[in-house]
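So the chains spell out like this:
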Amino acid sequence: MSRKKILIVEDDRDIAMGLSVRLRANGYDTARASDAHSGIEVALNENPDLILLDLGLPDDNGFVMMKRIENIPSLSSVPIIVLTGRPQEVYKEATVLAGAKKYLQKPAENEELLAAIREVLWLDPVPVTETFLSLGRRREE
Amino acid sequence: MTFPFAIASFDAVRSFRMSFDVLADKKKNTIGVQWFVTIAIAYLLLFRNGEVSQNPLAYFLLALALASAIIIQRLPESAFNRPVFCQALMIIDTVLMSAAIYLNNESSWDLLLIFFFGILIAAIAENLLQVVLTAFLLGLTSVFISPADLEFRLRPDGLLRVSLLFGASILYGYLAEQVKVEKRMKADLEKTLRQRLVTKDQFLSHVSHELRSPLTAIYQFVTILIDGLAGDLNPEQQEYLSIVLRNVTQLHNMITDLLEATRAETGKLAFEPRCASLGRLASEVLETTLPTAVAKGVSLTGDAPTGLPFVFADPARIKQILTNLIENAIKFTPAKGQITLRSQIDNQDPDFLRIAVADSGCGISPEGTKKIFDRLFQETETIDSNRQGVGLGLYICKELVNLHGGKIWVESELGKGSTFYFTLPLFSLSKILYPVITDDNRLKTNIALITVGRIPANGSSPWRMTDTMRREIRKILQGCSLPDTRLLLPSVTDRGESDVFYLVECLDQQGVNLTAQHIEEQLRHSKALQVPDGGLAVSYSIVSAPSERPNLSLERLVDEVATTIRGQMLLTVSDGENEKDQTYVAGMSHGIKTPLNVVLGYSGMLRDKLLGDLNPTQEEALDKVIAHTNDLIVAFDNVLEAQKIKDKTVSVENHELNVLELLEELKMNYGTTQNRALFLTWDQPAELPIMVTDAAKLRLILRNLLNNAIKFTEKGRVQVSAQFNAKSQSLEFKVTDTGIGIAKEAIPGIFHRFLQLQPSQINPMTGMGLGLYIVKTLTHLLGGNVVVESEPGKGSAFIVTVPAHAVATN
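Keep in mind the model is a prediction, meaning the values are calculated, not measured.

A. Focus on the overall build of chain B. The number of helices and strands found in chain B is 22 helices and 21 strands. Counting all 810 residues of chain B, 53% fall into the buried class. Across chain B, contacts joining residues at least 24 apart in sequence account for 75% of those joining residues at least 6 apart. Of the roughly 37,900 Å² of accessible surface on chain B, 56% is carried by carbon and sulfur atoms.

Here's what the structure looks like:
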């Protein structure tokens, strides 16, 4: 199987670099963008398998970017994981409603981040019953 | 045949009404409609030409219809909200109904056509009322008119047509309507959420963002170093980095707590007790506090006997308590003194572990030992000035110990030293859960959680629970529980209005009902527990066994059950404590400095290659750790200042300050840690007089300006200059950068706190958050002002002028 490519949209250069090193070490290819505008541009060029998105971006916030991605046919099916420093009590629900597959709070532990990526990319074989239960649980939350 | 039909239609009408109410009744409504449809199908299958059908296939299909109706009745509520479920239900019902119509044979093809026409309407209309009306009219029409011969006469299968079409359209119409309701609710939710985002939680969002971002960078680069992604490390470097990582984790916990406390809405502490090893936590705390002790020449030892049982406590909180106590001891113990940490089972109450922190310091007077845990004790006049800063730390310790259900006290003799004791409840869940877990790690039975809590008296203030009462309740709970399968959990919260006791039993519904009644009776008859009004309430809930997963380890299973129980406990804890815990925020500032300094100090040692050589990648990673730790320190100070400004407790403390030393210190902080394309230059006169001003605030102002300049300057130069104006007795600092600059019209806005949250506004200066707000507010507080000069694309200059009186030097 070819290496999966992850687009990191993050305005803090160091965080983006750190994430990139970590993801590459775990067998992913990475691309980077530092704002929403270039994020979409890079996404169109690189065809990522997943987008790791920060909510607080310099030009637009992550929500706006998610809305825009939704309207671009070639990108609308790319799963998005939001990794943000914003408090989850306030943003988690809105993020998931806006179409993100996962909400991770900074600083997410490496294991947590990698597990979330594997889950979203369907790289972990999850038993069907498990998926069903977890879906049910998520709804209840 | 009208009898079942009447019941069914009654059900349908009821559920039809309900569907307009709330989404939560979805299960009930779907089941109601489903039974109606099942009865219609049964009628079609069983009666043919007025006779009972002999076709075995009909009975098979009938069994299938009944089975599906029973299955959906047993499904969890959450399943009804899933679109997959609705689709599956529609397909199964459509197949069954079509088969029923086909097998009945009495009705002609036109019924089938009308039936599908009804489904089509349901799908398009998304409106239950409309669908039902249309279906009813369709059915009624087809009672009298057959499309086949276009004759107007009463047909024998007329009633069947009405009931079937009515039932089918209610089902489809209902599901379609649900989709619409859900869509609307989602839109509403999104709207309210968006409103909430821009109003209430702006402060929290900022604070959260500003603290978590540098922490993320620190965490990433520390783990990159530890995991060898930047190159190999020697064992010593590895060890020091793991200490750094542990402190980063502690910082993470503290920041989570801080944000929790800052949350204006709730303002209460998060508390997550779980099974924890005190020995491990203690050694971690010893490791982080040791450098401070060594620096002061105090010996710090801990003897934790191995084999101590686990405690039921929040590990982050325990570390906080221990850190506070040890730092307090270090502070009051002179050089060559000793501090020891001991822990053992409490000999008075064997359900608790007792931890002692003993020092050979100055000791506390008898009257002081009584008051030492009071809030802001250090402000009372009985205490000399060098005891400043004691009260808050110990007050927080007391709060935290109480939260665990333990107690804290001090024994001391003036001049001989003091010993602080606190107790923590032992964790026994795993031990007692053991017998109810089968060999393949499943729970044998359900587990029930019984809660005993106070009912506050009506109108009047709630009654107080005395220690005698607590003991009595404990005794009764112990007496009422079954031997062998009993789990008695300690009172989890002991503060304010919520005195809650828990009893966990392996019981089913009936058993727990009986036990709860028994407890209630005992409580009522106990003489020690008679209160004028209000009283005690007993409630219970069943914790169902976790899903069957044979590969789950025993620990995980126990943990999972414990988590569920804990979750239910938290639900029952009263929300009586709404007052904002400001002392906690303030106390954090003290506690957070230790891990920050450990991270900074150890990373600095590594970076200076005191522990071994480094490759350039590792150097860069460490530079980034140090730079972001510095950022975090500033961000943290900003949050505290902003909180103080908000609470109006901010004050100016003037001291003598050597400005050149301050600049030197800043140079150290920013010296080696910048990215390579950015040059930091310093321009100051060779001599500056000693001034009187608030050094801490001045430092924070300058650091914020520097951080801001660095953040918006990718390449180029940042210059800091300082000068003293003897005539106006003022200090002028100027921070110039060659960064992206600010548009003229944006300048007035940059000092506002929440600039970042205007997403539509394309503004290069967004994202600065609290920093400049603090600069402006603090500068004004010091009696000075800030001026900004900037040109987009060329850079900006921030000029801060503060009055400062030169101290006359002879």
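B. Fine view of the overall build of chain A. Secondary structure summary: chain A contains 6 helices and 5 strands in total. The order of α-helices and β-strands along chain A, N terminus first, is β-α-β-α-β-α-β-α-β-α-α. When each of the 141 residues of chain A is scored for burial, the buried share is 52%. Contacts in chain A between residues far apart in sequence, at least 24 positions, make up 59% of those at least 6 positions apart. Accessible area of chain A: about 6,500 Å², with a carbon and sulfur share of 50%.

C. Representation of helix α5 (residues 110–120) of chain A. All names here are of chain A. For α5, the complete set of buried residues consists of Asn110, Leu113, Leu114, Ala116, Ile117 and Val120. All buried residues of α5 fall inside an arc of 160 degrees around its axis, so they share one side. Positive phi shows up at Trp122, right after α5, with a value of about 60 degrees.

D. Structural detail: the packing of helix α2 (residues 36–46) of chain A against helix α3 (residues 62–70) of chain A. Residue and element names in this part refer to chain A. One can describe the packing of α2 onto α3 by two numbers: an axis separation of 10 Å at closest approach and a directional angle of 30 degrees. The angle between the axes of α2 and α3 places the two elements in the roughly parallel class. Between α2 and α3 lies a crossing whose hand is right-handed. Every residue of α3 that contacts α2 at Ala36, His37, Gly39 and Ile40 is listed here: Met65, Arg68 and Ile69.

E. Main features of the sheet that holds strand β6 (residues 338–345) of chain B. Residue and element names in this part refer to chain B. Reading across the sheet, the 5 strands line up as β4-β6-β7-β9-β8 and stay open at both edges, with mixed pairing between neighbours. Each edge of the sheet is formed by a strand with only one pairing partner; in this case those strands are β4 (299–303) and β8 (408–413). Looking at each pair of strands side by side, their axes are set apart by 15 degrees on average, direction ignored. Two elements, strand β7 (residues 352–359) and strand β9 (residues 417–425), share 7 bridges in a ladder whose sense is antiparallel. For Val357, the partnering residue across the bridge sits in β9 and is Phe420. Across the face of the sheet, helix α10 (residues 278–296) comes into contact with β4, β6, β7 and β9 while running at roughly 175 degrees to β4. Across the face of the sheet, helix α11 (residues 315–331) comes into contact with β4, β6, β7 and β9 while running at roughly 175 degrees to β9.

F. View of the pairing of strand β20 (residues 795–803) of chain B. All names here are of chain B. Counting buried positions over the 9 residues of β20 gives 7, a clear majority of the element. Two elements, strand β18 (residues 730–737) and β20, share 7 bridges in a ladder whose sense is antiparallel. Directly across from Ser730, in β20, lies its bridge partner Pro803. Pairing analysis gives 7 bridges linking strand β19 (residues 785–791) to β20, with the strands arranged antiparallel. Looking across to β20, one finds that Asn785 is bridged to Thr801. Once β19 ends, the chain turns through 3 residues before running back antiparallel as β20, passing Gly793 with a positive phi of about 85 degrees.

G. Quick look at the packing of aromatic side chains. Residue and element names in this part refer to chain B. Here the structure, examined in full by the defined rule, presents 2 aromatic pairs over all chains. Centre to centre, the rings of Tyr240 and Tyr602 are 5.0 Å apart; their planes meet at 50 degrees, and the pair counts as tilted. Separated by 362 residues along the polypeptide, Tyr240 in helix α9 (residues 235–262) and Tyr602 in helix α18 (residues 582–607) bring together distant segments of the chain. Both rings, one in Trp409 and one in Tyr421, keep their centres 5.1 Å apart while their planes meet at 20 degrees; by these two values the pair is stacked.

H. Here's a closer look at the sheet that holds strand β21 (residues 805–806) of chain B. Residues and elements named next belong to chain B. Spatially, 3 strands are ordered β14-β16-β21 in an open sheet, and the strand pairing comes out antiparallel. On the outer flanks of this sheet lie β14 (655–658) and β21, each paired with one strand and no other. As paired strands, β14 and strand β16 (residues 690–693) are joined by 4 bridges and run antiparallel to one another. What sits directly across from His655, in β16, is Thr693.

I. Focus on the environment of Pro309 of chain B. Residues and elements named next belong to chain B. With respect to the element layout, Pro309 can be found in the loop between β4 and β5 (311–313). For Pro309, a relative accessible area of 31% gives the class partly exposed. Each C-alpha atom of the pair Pro309 and Ile345 lies 8.6 Å from the other, and the pair is 36 residues apart in sequence.

J. Local environment of the packing of α10 of chain B against α11 of chain B. All names here are of chain B. One way to put it is that α10 packs onto α11 with a least axis distance of 9 Å and a crossing angle of 30 degrees. Considered as vectors, α10 and α11 are oriented roughly parallel to each other. Relative to α11, the crossing made by α10 is right-handed. Contacts between α10 and α11 involve Leu278, Leu281, Ala282, Glu284, Val285, Leu286, Thr289, Thr292, Ala293 and Lys296 from the former and Pro315, Ile318, Lys319, Leu322, Thr323, Ile326, Glu327, Ile330 and Lys331 from the latter.

K. Seen up close, a nonpolar patch on the surface. A cluster of nonpolar side chains, contributed by Leu57, Phe60 and Leu64 of chain B, occupies part of the molecular surface with about 290 Å² of accessible area. Topologically, Leu57 of chain B is positioned in helix α3 (residues 56–74).

L. Just α2 of chain A, in detail. All names here are of chain A. Taken together, the buried positions of α2 are Ala36, Gly39, Ile40, Val42 and Ala43. Buried residues in α2, looked at end-on, bunch into an arc of 165 degrees, giving them a common side. For α2, the N-terminal cap is Asp35; the gap from its side-chain oxygen to the backbone nitrogen of His37 is 3.2 Å. Taken from the residues just after α2, Asn47 is the one with a positive phi, measuring 45 degrees.

M. Examining the confidence of the model for chain A more closely. Across chain A, the average pLDDT comes to 82, with 84% of residues at 70 or higher. Of the regions scoring below 50 in pLDDT, residues 136–141 of chain A engages in 5 contacts with residues more than four places distant in sequence or in other chains.

N. Inspection of the pattern of salt bridges at higher detail. Residues and elements named next belong to chain A. Scanning the model with the defined rule gives 19 salt bridges over all chains in all. With a shortest N-O distance of 2.8 Å, Lys5 and Glu46 are connected by a salt bridge. Here Glu46 lies in helix α2 and Lys5 lies in strand β1 (residues 5–9), a separation of 41 residues in the sequence. A relative accessible area of 34% places Glu46 in the partly exposed class. A salt bridge links Asp54 to Lys106; the shortest N-O distance between them is 3.6 Å.

O. Local environment of the pairing of strand β3 (residues 50–53) of chain A. Residue and element names in this part refer to chain A. Because side chains alternate across β3, one face comprises the buried residues Leu50 and Leu52, and the other comprises Ile51 and Leu53, equally buried. Pairing geometry for β1 and β3, over 4 bridges, is parallel. Bridge pairing in β3 links Leu7 to Ile51. Bridge analysis of β3 against strand β4 (residues 80–84) gives 3 bridges, and the strand direction is parallel. Bridge pairing in β4 links Leu53 to Val82.

P. Quick peek at the environment of Ala42 of chain B. Residue and element names in this part refer to chain B. Relative to the elements of secondary structure, Ala42 occurs in helix α2 (residues 26–46). On the basis of relative accessibility, which here comes to 16%, the residue Ala42 falls in the buried class. Separated by 23 residues in the primary sequence, Ala42 and Ala65 have C-alpha atoms spaced 8.0 Å apart.

Q. Representation of the side chain of Lys624 of chain B in the model. Looking at where Lys624 of chain B falls in the secondary structure, it is placed in helix α19 (residues 616–647). Within the structure, the side chain of Lys624 of chain B is placed 2.9 Å from the side chain of Asp14 of chain A, a separation counted as a polar contact. Look past the residues within four positions of Lys624 of chain B in its chain and what remains in contact with it is Asp14 and Met17 of chain A together with Phe221 of chain B.

R. A look at the environment of Lys336 of chain B. Its place among the elements puts Lys336 of chain B in the loop between α11 and β6. As a C-alpha pair, Lys336 of chain B and Lys296 of chain B span 40 residues in sequence and 8.4 Å in three-dimensional space.

What counts, and at which threshold
Residues numbered from 1 in each chain as written. Chains lettered and ligands numbered in written order. Predicted model: local features only at pLDDT ≥ 70, side-chain atom pairs only at ≥ 80, totals over all residues. Heavy atoms only, no water. Helix = DSSP H or I, 4+ residues; strand = E, 2+ residues; numbered from the N terminus. Buried < 20%, exposed > 50% of the residue type's maximum accessible area, 1.4 Å probe, protein only. Contact = heavy atoms within 4.5 Å. Areas by Shrake-Rupley, 256 points an atom, 1.4 Å probe, with all protein chains shown as cover. Arc of directions from axis to C-beta. Axes fitted to C-alpha atoms, helices over the stretch in contact; angles between N-to-C directions. Parallel < 35°, antiparallel > 145°, perpendicular 65-115°, else oblique. Left-handed = near helix turned anticlockwise from the far one by under 90°. Pairing = 2+ DSSP bridges. Phe/Tyr/Trp six-rings, centres within 6.5 Å; stacked < 30°, edge-to-face > 60°. Patch = residues over 30% accessible without salt bridge, like charges linked within 9 Å, V, L, I, M, F, W, Y side chains within 5 Å. Salt bridge = Lys/Arg side-chain N within 4 Å of Asp/Glu carboxyl O. Polar contact = N/O pair within 3.5 Å; in protein donor to acceptor, adjacent residues only side chain to side chain. pLDDT = per-residue confidence, 0-100.

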